Amino acid sequence: MVSYSIPVGYESLRAILLHTDPNLRFRIAQRIPKIRLTEKTVPLKINSLSLNASEFVINSQSYKLGVYFDYGKGEIPNAIRRQNNKGGVSCDVDQYGFKISNLSTPILNGDVSFRTKNEDDHRNDTEETERGYWFELKLHEDALAKINQLESEGKTIEDFLTGPMTEDDQRIEDVVEIGKEHIQMHIDIYRSELIPFHCRRHNLALPFTCFIQLTITRGNVKTIQRYFYNHKLYEASKKLNDTLFANRPVIIVNQLQSDSFNVLRLPIGMKISANSIYGDDSQIVYISSILDHSRTLLRLGFHLRSDLVLNFQHSFVKYAEKLLMCPEKELIDQLAEALGTIENQKIQITFFRFDNPSATDYFQLLQGWVSTERCIGSMISFGLRTDEIGKEILELVRTRNERTESTDRCVTILQRNATKIEISYSPLPKENQYKMVSYSIPMGYESLRTVLLHTDPNLRFKIAQRIPKIRLTEKAVPLRIEQLSLEEFKTTVNSQSYTLGVYRHFHTKEIPMKIETGNNWEGVSCDLDQGGRRIPNSFTPILNGDVSSRMENTTDRQRDTEETEQGYQDSLRRYEKALEKINQLESEGKTILMTEDGRGIRLHLQLKERLQLEIHEYRNDLRSFHYRRNSFSPPISCFIHLTITQGNVKTIQRYVYNHKLYEAAKKLNEILFANRPIIIVNKLHGGRGFNDVLRLPIGLKISANSVFGDNSQIVPISSILDHSRTLRRLDIHFRSELVLNLQHNFVKNAEKLLMYAHMRIIDQLAEVLETIENQQVQITFYQSDNPTANDYFQLMQGWLSTERNVGSVITFGLRTEFIGRNILNLVRTQNERTESRYRCVTVLRSNDTKLKVSYGPLLNEVNLSTLLLEARIMKA
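Please read these numbers as outputs of a predicted model, since none were measured by experiment.

Not every positive phi belongs to a glycine, and asparagine 59 is a case in point at roughly 55°. One can find asparagine 59 in the loop between strand 2 (55-58) and strand 3 (61-70). Even without being a glycine, arginine 839 presents a positive backbone phi close to 60°. One can find arginine 839 in the loop between strand 33 (834-837) and strand 34 (840-844).

Now the structure itself:
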């Protein structure tokens, strides 16, 4: 009989590794170098992963790094022994043995930092620190001596604390109270902390040697590895994590927990696909940078320990299926307010053990959650301590709401939007604990259609994204929008805007001002090439469904030409020479402007600062040409940046820049508007962009009451309108020449035509008014213009040059009473048969009609106009 080993095939090895404990996989890869590449490519599955700055736990096995103090054969101070037994100190030490604060260590590529700006980087090697240690040491030694004295006299600490005290006794009273054992421990600590000061002062060698210690713990079994201390502790932590996690595909983790309050030293490009995440509220958003956002988070749990620093509108937080919060009681007011903005489908709140919230506290949180409209199936739950507090909460719900139904441990609130909120509580498996749940009850199909029809469109978009099952129904229900504004890279639905731009993440600390400004303004509104230069929007294609208002003669200046580069170089040289001149004046003790009050010095310094800024910007502009010429990659990463703005609240989402910006705009509008019946809009705005291309879904149709836009946009935008419906109002801005065909059906069939114009086109406008057939016409001039009475009279004559139906009217905004009187005087003097009253002149016409010209106050000022002049055709 022969027994021999058969080699494992590649696919078999992959299958085995996929189901092998990750800690065992690490050991196998270290022992068998041949399989390391294969082991790295097989997805790593971890049930629980806990990350800390110097320790992490994978499933039930921990890896801890620390600095170990080896005293050799010498006597080890008790404080150092305790420290070594715990795996060493979790910070670096200098040549004298002083601990170096972890707040002073650099943040490396790939690291996740939780540091805050106001954290104090406390030094341990100052004279003040040494004096503090000596003071505490003497205090504790005196306290220990006092306890030894009491013991020799047969007395106890209680006798000392309750008896008469001298001034020295009062000084050590608080220390004596902690007991002999703890006092001795503190004495050991202070003596060990003073060793580095002694060695530095006398230039002595340290009585110990430092090592990097790695402690691997599984249950009661510890494995210790020590290495020469020739790297910093944070570098060792980085190296360890690189060894375990670097160069892997997405790491699959069931439960991810972060306990760090400093910096996680992680490999560059590390990505984790997690089901559940737990941490502190100050860590949650930061740790999202290493998560795979293509996967929906099932549970997100965090502690709220101080002010609510967490942005609940961050996409990583608000898209979690279930949100678990453990707040301190003092945060109830803030949390109740925040619940009005939290959109998660399921929310659970549990208080810390030492807190004891009242029924009113729970009811306040319930009110905060109910204050915003919730999707069907939304739920909030609380842990309760007693049955009594559950009854009190339900009683508050009953008394504070009009339409309720009650059963045992349950109250249902009947709402007007065909939904109801059910609030109930029941025992938890743990003894003497209860769970209160509040959730929305689903409705039937017809009820859902009715509710959706009267739901804010932005809320409908969110509901459809969150609940795939109702998407077809949501698309089939007519969408009603009060105000819709369409621009090339911005869509505004009612008061909520969706803005797209290209965000540039600069890889260096110093960010050029132009890039920082562009990022702060929701990204740049055009695509960028591989060198980071802007690509003119006029170069982008027009796709099916798009609405284009580009002019034939429109050209965007290219920014990557030799002429542009030469212009930057010339400007840079001029600014450098100017700065050189200012520096020369400074060396001579002069400024550009010399004034007695010092104003010249301020202007001098401001000019110098401005020159330095311009020089910096031009140098950055020239770098893109340098990168292209030498085939270098620019130090930026680009992302598609979506900003959703509602009032003062902004939600930002960023995506990999693997599509063009105009493609992203197309996709966004398709998500919002594609595959719907006619969209019903009260006020449709064509936006403020000139030569824009609106990236719209194929077949989009809008039934609008009113349309507002630039004269170059009006006719193109008519292609998406439902022409079976008469337009009540059409507002047109004429910013340049009259390029609009006012005989276009879309224009001439509008019930009311409002035109905003500049004075320079009055002659053209007067001529055009002869052909305008709209029943109601209104003309308003821009603020920078100040038309005369003759200008207004010329426009009226143009309008009257063609025969008008009874009821036809033209109106103008006026600035002053004086100009109104002058217009009426012109009407009187230029017509034979007139009748006059206060602010009114009537002209009798030959065709059994009369013209009434009058003016009166406007309800609201429009472009500085406070009066409204009206010319109306009436029956004689």
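Next comes the rest of the write-up.
This part is about the nonpolar core. Phe673, Leu684, Ile702, Val707, Leu730 and Ile779 are the most contacted members of the largest nonpolar core, which has 84 residues in total. Considering each element in turn, this core owes the most residues, seven residues, to helix 21 (residues 661-673). If near-sequence neighbours (up to four positions away) are discounted, phenylalanine 673 is found in contact with Phe461, Lys475, Leu479, Ile481, Leu484, Thr491, Val493, Ile679, Pro697 and Leu700. Ile212, Ile277, Leu335 and Ile421 belong to the second-largest nonpolar core, a separate cluster that totals 79 residues.

For the rest of this paragraph, the subject is the confidence of the model for the protein. Residues of the protein with pLDDT of at least 70 account for 86%, and the chain-wide mean is 82. Note that pLDDT drops below 50 for residues 1-6; the model gives that stretch zero contacts with residues more than four away or on any other chain. Within the model, pLDDT remains below 50 along residues 594-604, and this stretch shows eleven contacts once partners closer than five positions in the same chain are excluded.

The grouping of Glu158, Asp159, Asp174 and Glu177 at the surface amounts to a negative patch. On the secondary structure map, glutamate 177 appears in the loop between helix 7 (167-176) and helix 8 (180-201). Residue glutamate 177 is classed as exposed on the basis of its relative accessible area of 53%.

In this section: helix 12 (residues 332-339). Listed in full, the buried residues belonging to helix 12 are Ile332, Leu335, Ala336, Ala338 and Leu339. The buried residues of helix 12 occupy an angular sector of 165° when the element is viewed end-on, so they sit on one face. Those residues of helix 12 that are exposed and aimed more than 90 degrees away from the buried face are Asp333 and Glu337. Buried residues belonging to helix 12 abut strand 10 (299-304), strand 11 (322-327), strand 12 (346-349), helix 13 (359-370) and strand 13 (379-384).

The next thing to look at is the side chain of arginine 25. Relative to the helices and strands, arginine 25 is located in helix 2 (residues 22-31). Classification of arginine 25 as buried rests on a relative accessible area of 1%. A polar side-chain atom of arginine 25 sits 2.8 Å from the main-chain carbonyl oxygen of glutamate 39. Every residue in contact with arginine 25, bar those within four places of it in the chain, is listed here: Leu17, Leu18, Thr20, Glu39, Val42, Pro43, Leu44 and Arg248.

This next bit is on the pattern of salt bridges. Throughout the structure, instances matching the rule amount to 27 salt bridges. The residue glutamate 153 makes a salt bridge to lysine 155 at a minimum N-O spacing of 3.6 Å. Accessibility expressed as a relative area gives 44% for lysine 155, which makes it partly exposed. Counted as one network, the salt bridges with shared partners bring together Glu488, Asp546, Lys666 and Arg695.

Here is what the cut-offs are and how they apply
Residues numbered from 1 in each chain as written. Predicted model: local features only at pLDDT ≥ 70, side-chain atom pairs only at ≥ 80, totals over all residues. Heavy atoms only, no water. Helix = DSSP H or I, 4+ residues; strand = E, 2+ residues; numbered from the N terminus. Core = buried A, V, L, I, M, F, W, Y, C linked by side-chain atoms within 4.5 Å. Buried < 20%, exposed > 50% of the residue type's maximum accessible area, 1.4 Å probe, protein only. Contact = heavy atoms within 4.5 Å. pLDDT = per-residue confidence, 0-100. Patch = residues over 30% accessible without salt bridge, like charges linked within 9 Å, V, L, I, M, F, W, Y side chains within 5 Å. Areas by Shrake-Rupley, 256 points an atom, 1.4 Å probe, with all protein chains shown as cover. Salt bridge = Lys/Arg side-chain N within 4 Å of Asp/Glu carboxyl O. Lys, Arg positive; Asp, Glu negative; His and termini not counted. Charge placed at Lys NZ, Arg CZ, Asp CG, Glu CD. Arc of directions from axis to C-beta. Polar contact = N/O pair within 3.5 Å; in protein donor to acceptor, adjacent residues only side chain to side chain.

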